[in-house]
Amino acid sequence: MIDKRIQKTKRDLKNGLLELMKERPLEKISVSEICEYAVINRVTFYSHYVDKYALYNELLEDIIENITIKTFDKFNDLKNREELMDACSLLIEYIINECESKKQILLSFSQEENSMALFILSGKINKHIKELFNFIKEKGNYPTDFISTFICGGISSNVQSWLSSNEIDKATFISLNQKLIKDLFSSNII
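Rules behind the numbers
- Residues numbered from 1 in each chain as written.
- Predicted model: local features only at pLDDT ≥ 70, side-chain atom pairs only at ≥ 80, totals over all residues.
- Heavy atoms only, no water.
- Axes fitted to C-alpha atoms, helices over the stretch in contact; angles between N-to-C directions.
- Helix = DSSP H or I, 4+ residues; strand = E, 2+ residues; numbered from the N terminus.
- Parallel < 35°, antiparallel > 145°, perpendicular 65-115°, else oblique.
- Left-handed = near helix turned anticlockwise from the far one by under 90°.
- Contact = heavy atoms within 4.5 Å.
- Nonpolar A, V, L, I, M, F, W, Y, C, P; charged D, E, K, R; others polar.
- Buried < 20%, exposed > 50% of the residue type's maximum accessible area, 1.4 Å probe, protein only.
- Core = buried A, V, L, I, M, F, W, Y, C linked by side-chain atoms within 4.5 Å.

Side note on the packing of helix H1 (residues 4–21) against helix H2 (residues 31–38)
- Packing of H1 against H2 brings their axes to within 8 Å, and their N-to-C directions diverge by 115 degrees. Between H1 and H2, the interaxial angle falls into the category roughly perpendicular. Where H1 crosses over H2, the two elements pack in a sense that is right-handed. On H2, the residues touching Asp12, Leu13, Asn15, Gly16, Leu17, Glu19 and Leu20 of H1 are Glu33, Ile34, Tyr37 and Ala38.
- Considered class by class, the residues forming the contact of H1 with H2 number six nonpolar, two polar and three charged.

Here is the structure:
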């Protein structure tokens, strides 16, 4: 079990980094600035992280874990396409909810200088979608990698656009994305 003080220190450092990233890209943020914002000294920072990129990677992992762990706890033995469709539908809901709760962070990631973060997040979500597809025994018409990349790219683009515009309410947005997945499954494309 991790010490509560360590958890607090790491949380404060991550929050400091997130707040600073709202103003400028990671490359222009120093460890000293992160420590100053988090009210933590540099020695403590380096006792937990090698550099700011290690902190950044752990932050991205936390976001992904919040999305995927909920899904994989429920779907670890998918038997057919219908169960896979339900898992993908649930994953979409979790992705949208988590992205909305991290809206400011993700919008700062989507700035041109931070676009690598969206690429990393998308890649990690894609990996988990592939794992969902690998759970089922019955395969569709296309290779798993092809379909998971297609789904992930579409979801990522839709969510990024929705976060930027908020033209429709969240419930409608979730429903439209879930319906699209169900339509793909029912058309035997997936």
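After that view of the structure, there is still more to cover.
Quick word on the side chain of glutamine 178
- In this structure, glutamine 178 sits in helix H9 (residues 170–186).
- Here glutamine 178 falls in the buried class, since its relative accessible area comes to 16%.
- With residues up to four places along the chain from it excluded, the contact list for glutamine 178 reads Ser89, Leu90, Ile92 and Glu93.

So, the nonpolar core
- Counting residues in each nonpolar core, the largest one holds 23 residues, and the members touching the most others are Ile95, Ile96, Val159 and Ile181.
- With eight residues, helix H5 (residues 81–101) is the single largest residue contributor to this core.
- In terms of nonpolar packing, the next biggest core, distinct from the first, is built from 18 residues, Val31, Ile34, Ile40 and Phe45 among them.

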